[in-house]
Amino acid sequence: MFWIHITVSILSVEASTTQAQSHVSKNAVQNVPPFHPRTCKTQHHDPHYVSAEKPSLATIDDYLDTSTPHFTQISSSQLQITTFKNTIVPTSDAETARLVERLRPFDVISTISERTAFPVSLLCQLPNLKLLLATGTQFEMFDLKAAKELGITVVAAPGLGRTDQSGPTKPNIKKGSVHPTMQHTWALILPLARNIAADDAVMKNSSGWQSRLAIGLPGLTLGVVGLERLGAAVARVGHLAFGMNVICWSENLTQEKADQMAVAGGLSPDDNLDCGKTFRVVGKQELFRTADVVSLYYVLSERSSGIVGTTELDQMKPSSILVNPSRGPLIDQDALLDTVERRKIRGAGQDSWTRVGCL
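Residues numbered from 1 in each chain as written. Predicted model: local features only at pLDDT ≥ 70, side-chain atom pairs only at ≥ 80, totals over all residues. Heavy atoms only, no water.

A.B. asks: Could you clarify how one ought to interpret the overall build of the protein chain in this entry?
C.D. replies: For the protein chain, the count of helices and strands is 12 helices and 12 strands. Taken over 359 residues, the protein chain has a buried fraction of 45%. When contacts within the protein chain are restricted to residue pairs at least 6 apart in sequence, long-range pairs at least 24 apart make up 67% of them. (Helix = DSSP H or I, 4+ residues; strand = E, 2+ residues; numbered from the N terminus. Buried < 20%, exposed > 50% of the residue type's maximum accessible area, 1.4 Å probe, protein only. Contact = heavy atoms within 4.5 Å.)

The following block contains the structure:
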């Protein structure tokens, strides 16, 4: 959570956008334009529609109401706070109108995990919005260019993870090795390898005991699609904890770069006797054909959408596992569903789906 780091910024929202910038945590990543009246070629705004003198904040998509305790120190006379525990997915004109009606009154909107997208079509309909808060730095669901043109400051406070837990100082999650995504990746891989979810369902829904034999990871091959910070962190765990062979691919990945990532993770680039390289770069086809576990770490874009489709899925072993802790649309969802339903691979785990915000 990053509420503590942006509290002082929220309290200054009644000032100009430039003033708000000066109060943001030094760790924040900002897109700070000069403030000017909201303009938009595609939408008409009521020039008399202005917010109250007291600034207002909407925390949206907070399913577990995790934000409330972080704002208890702020007096309601200073900031009017409203928390929405559900997500409105604008899949129709009616739902879009509901979303606009919900967000339109607020000066500040605090988002969680980009569960709600902020394209130009939505930003144009929020005449009071001055500050948009985010919990990450990719901003794949935010139109930053439109926000800048509309005078909306976009702020993120990444790198600390949860701040609502006591205990010793935690390392910076941006370094990858302790990143929640790395942990979640193995939380997806291990249940599929050890049949935890399937066996649990069998026990609860029938008189059975085991669904099938589990598989051990030592000596198997881990295929990493996208060997950047997170991919390398997952590969490091596979190599050290489970003795897995690591192969990797991305469009511009070289063996030299893979060796550098191994060294950055405290590994020798050449200490894997089976493959010769700790992180061995291979072609895309070879990775999907030979890996026992495939995991994706790609930024979603028009170019990377559907980077795993029918061709790649058909190349996978019947015993293989596919996990996607990145954006759902990286994998052709229809092809994945067909592959799993026909039991062409052992199993698949995915952290998000094509329609962000849906469960």
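A.B. asks: Teacher, can you tell me more about unusual backbone geometry here?
C.D. replies: Most peptide bonds take the trans form, and the phi angle of most residues other than glycine is negative. A positive phi is found at D65, a non-glycine position, where the angle reads about 55 degrees. If you trace the backbone, D65 turns up in the loop between β2 (56-59) and β3 (80-83). A positive phi angle, near 60 degrees, is found at N195, a position not held by glycine. Following the sequence through the fold, N195 ends up in the loop between α6 (180-194) and α7 (196-205).

A.B. asks: Just checking my understanding: could you explain α6 for this structure?
C.D. replies: Because the α-helix completes a turn every 3.6 residues, residues three or four places apart line up on one side. Helix length check: α6, at 15 residues, gives a terminal C-alpha distance of 21 Å against a target of 21 Å (1.5 Å per residue), a fit within 8%. Residues of α6 that are buried make contact with β7 (221-225), α8 (229-242), β10 (293-296), β11 (321-324) and β12 (347-350). Positive backbone phi, at 60 degrees, marks N195, one or two positions downstream of α6. (Expected span 1.5 Å × (residues − 1).)

A.B. asks: Looking at this model, I keep getting lost on the packing of aromatic side chains. Mind explaining?
C.D. replies: Any aromatic ring pair is given by two values, namely how distant the centres are and how the planes are angled relative to each other. Within the structure shown, the criterion is met by four aromatic pairs. Note on F118 and F142: the rings are 5.4 Å apart at their centroids and 85 degrees apart in plane angle, and the pair reads as edge-to-face. Placement of the pair is F118 in the loop between β4 (108-110) and α4 (120-123) and F142 in the loop between β5 (131-134) and α5 (144-149), with a sequence separation of 24 residues. Like F142, F118 is buried. (Phe/Tyr/Trp six-rings, centres within 6.5 Å; stacked < 30°, edge-to-face > 60°.)

A.B. asks: So what exactly am I meant to see when it comes to the pattern of salt bridges here?
C.D. replies: For side chains bearing opposite charge, pairing can occur when the charged atoms are close. Taken as a whole and judged by the stated rule, the model has 12 salt bridges. Salt-bridge contacts for K204 lead to D200; the nearest nitrogen and oxygen are separated by 3.1 Å. Remark: D200 and K204 occur in helix α7; sequence separation between them is four residues, near one turn of the helix. Looking at D200, the relative accessible area reads 35%, which means it is partly exposed. With a closest N to O distance of 2.8 Å, E251 and R303 form a salt bridge. Here R303 lies in the loop between β10 and α11 (310-315) and E251 lies in the loop between β8 (245-249) and α9 (255-264), a separation of 52 residues in the sequence. Overall, the relative accessible area of 66% leaves R303 in the exposed class. Through salt bridges that share partners, D259, D270 and K277 make up one connected network. (Salt bridge = Lys/Arg side-chain N within 4 Å of Asp/Glu carboxyl O.)

A.B. asks: It is not clear to me how the sheet that holds strand β9 (residues 279-281) should be interpreted in this structure. Could you clarify?
C.D. replies: Within a sheet, each strand pairs with its neighbour through backbone hydrogen bonds, oriented either parallel or antiparallel. What the six strands build is an open sheet, ordered β9-β8-β7-β10-β11-β12; its pairing is parallel. Lying at the two open borders of the sheet, with one neighbouring strand each, are β9 and β12. Averaged over all pairs of adjacent strands, the angle between their axes in this sheet comes to 20 degrees, without regard to strand direction. Where β10 meets β11, three bridges bridge the pair, whose relative direction is parallel. In the strand pairing of β11, V294 is matched with L322. Here α6 sits on the sheet and contacts β7, β10, β11 and β12; the angle it forms with β11, its principal contact strand, is near 155 degrees. This element, α8, spans β7, β8 and β9 of the sheet and lies at about 175 degrees to β7. (Pairing = 2+ DSSP bridges. Axes fitted to C-alpha atoms, helices over the stretch in contact; angles between N-to-C directions.)

A.B. asks: Please explain the pairing of β5 as it appears in this structure.
C.D. replies: On a regular strand, each side chain points to the face opposite its neighbour's, so the side chains alternate between the two faces of the sheet. A two-sided burial pattern is seen for β5, the buried positions comprising L131 and L133 on one face and L132 and A134 on the other. As defined by bridge partners, β4 adjoins β5 across three bridges and the pair is classed as parallel. Bridge pairing links S110 to L133 in β5. Two strands pair when backbone bridges link them, and β5 and strand β6 (residues 153-156) are joined in this way by four bridges, in the parallel orientation.

A.B. asks: Where do I start with the packing of α6 against α7 in this structure?
C.D. replies: To describe two helices that pack against each other, one gives the angle between their axes and the distance between the axes. Where α6 meets α7, the closest approach of the two axes is 5 Å, and the angle between their N-to-C directions is 55 degrees. Classed by the angle they form, the pair α6 and α7 counts as oblique. Facing α6, whose interface residues are L190, P191 and R194, α7 presents I196, A197 and D199. Of the residues belonging to the contact of α6 with α7, the class tally is four nonpolar, no polar and two charged. (Parallel < 35°, antiparallel > 145°, perpendicular 65-115°, else oblique. Nonpolar A, V, L, I, M, F, W, Y, C, P; charged D, E, K, R; others polar.)

A.B. asks: Before we go on, may I ask you to explain the environment of G216 in this structure?
C.D. replies: In this fold, G216 is placed in the loop between α7 and β7. G216 sits 26 residues away from F242 along the chain, and the two C-alpha atoms are 8.8 Å apart.

A.B. asks: Looking at this structure, how should I read the pairing of β10?
C.D. replies: Where burial is concerned, the two faces of β10 agree: the one with V293 and S295 and the one with V294 and L296 are both buried. Relative to β10, β7 runs parallel, the two being bridged by four bridges. What sits directly across from V224, in β10, is S295. As a crossover connection, the stretch from β10 through α11 into β11 is right-handed. (Right-handed = clockwise from strand over helix to strand, strands pointing away.)

A.B. asks: Would you mind going over the packing of α6 against α8 with me for this structure?
C.D. replies: Axis separation between α6 and α8 bottoms out at 9 Å; the angle between their running directions is 55 degrees. Regarding the angle of α6 to α8, the classification is oblique. The way α6 lies across α8 gives a crossing that is right-handed. Where α6 approaches α8, its residues T181, M182, T185, W186 and L190 are matched on the opposing element by L230, A233, V234, V237, G238 and F242. The class makeup of the residues in the contact of α6 with α8 is eight nonpolar, three polar and no charged. (Left-handed = near helix turned anticlockwise from the far one by under 90°.)

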